[in-house]
Amino acid sequence: MKKESQVLVGMDCGGTNVKFAIVTPEGKILESKCAAVDYKEPAEKVIKKISLVFKNFIKQSAFKKIQGVGIGIAGDIDQKKGLVRFSPNLGWNNINLRCLLSKEIPYPLLIENDANCAAWGAWWLDAKKDCENLICLTLGTGIGGGIILNSKLYRGATGSAGEIGHMTIRYDGQPCKCGNFGCAESFVGAWGLIREAESGLKRELAPILKKILKGAPQKKIEPKSIAEAAKAGDPFCQQLWQDTGERLGSILSNCVNIFNPERIVLCGGVSKAGSLLLEPALHTLGRRAFAIPAKKVKVTVSQYDENLGVVGAALLFLEK
Ligand SMILES: [Zn+2]
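Residues numbered from 1 in each chain as written. Predicted model: local features only at pLDDT ≥ 70, side-chain atom pairs only at ≥ 80, totals over all residues. Heavy atoms only, no water.

> Help me understand the overall build of the protein chain, please; the structure alone is not making it clear to me.
The helix and strand tally for the protein chain stands at eleven helices and 13 strands. Its C-alpha atoms give the protein chain a radius of gyration of 20 Å, within 12% of the compact-globule value 20 Å for 320 residues. Dimensions along the principal axes, computed over C-alpha positions, put the protein chain at roughly 55 × 45 × 40 Å. Looking at the protein chain residue by residue over its 320 residues, the buried ones come to 53%. Within the protein chain, contacts between residues at least 6 apart in sequence are counted, and of these 63% link residues at least 24 apart. Taken as two groups, the 43 positive and 31 negative side-chain charges of the protein chain have centres that lie 3 Å from each other. (Helix = DSSP H or I, 4+ residues; strand = E, 2+ residues; numbered from the N terminus. Rg over C-alpha atoms; globule rule 2.2 N^0.38 Å. Buried < 20%, exposed > 50% of the residue type's maximum accessible area, 1.4 Å probe, protein only. Contact = heavy atoms within 4.5 Å. Lys, Arg positive; Asp, Glu negative; His and termini not counted. Charge placed at Lys NZ, Arg CZ, Asp CG, Glu CD.)

> Can you walk me through helix H9 (residues 275-288) in this structure?
Note: α-helices contain 3.6 residues per turn, so residues at a spacing of three or four share the same orientation. When the terminal C-alpha atoms of H9 are compared, their 19 Å separation across 14 residues agrees well with the 20 Å that a helix rising 1.5 Å per residue should span. Inspection of H9 places Leu276, Leu277, Leu278, Pro280, Ala281, Thr284 and Leu285 among the buried residues, and these make up the whole buried set. Taken together, the buried residues of H9 touch strand S9 (134-139), helix H7 (223-231), helix H8 (235-259), strand S12 (263-267), helix H10 (291-296) and strand S13 (298-301). (Expected span 1.5 Å × (residues − 1).)

> Mind showing me how you'd approach the pattern of salt bridges here?
Tallied over the full model, the rule gives eleven salt bridges. For the salt bridge of Glu204 with Lys210, the shortest nitrogen-to-oxygen distance reads 3.3 Å. Here the salt bridges do not stand alone but share partners, grouping Lys48, Lys55 and Glu104 into one network. (Salt bridge = Lys/Arg side-chain N within 4 Å of Asp/Glu carboxyl O.)

Right, here's the structure in full:
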């Protein structure tokens, strides 16, 4: 890639850090950077810090011809106004991100929901040739969702579409950060998984997980340690993945029955459990969804993984 070539920049604002990447129009990352952010500070201060890191990143970069900066952020986004209406994870309400960033960053800016960015990235990078309808689920702390319909990112009437993680799957379930009860993400997201593993440990039901945590440097339960314990034969953790997979399968079957997609792409930390999660999920999908669309859909774990969001954000500039 020549230094004078036009490039795109992606920014992915996660719960604890911001990722920046300079990306080619083909989706290849040329340079990247990650910076820690504390969202407990006032939004204006956080945005000022993000701008500063961005400016230093671009200053040190070999690529100067920037078409624009796409920004992915969790929450309900008004793309037209560049407004973050509501982001429970970041604690932001009605923050005009584009307006505040444009004071510091002299390039065209696009603001989009982070899971929508991941869906757009997943479709653009390896599905656009033979797939018109794709659902992307980011299985991280919560569950993000993005929908591609007829080769376009589907935003709905107010830009809020795709909140698959906040589908109510138990009408009397646990309270969720969004204000609802019994949301899908409390059953399949990492925080739900960790909560259940903690309860198993307290009841002395997960001896192998207990042993693994004793040897872990931070003694913190993570989806990775729960997967490790299950693979080593911990029956409680095996059952936990079985249950989580079946719940995910129910969510997938809802997606298949509603959207009839050719592809469902999974990404994020929980998706790394691989067959522990995927096998029961696919079995449940086959059992619950309509037969023909269930047979048609291909469910994969993204190979791009944690870069999907930042690359997808940059590639928003290629949306027509
Ligand atoms: Zn919710």
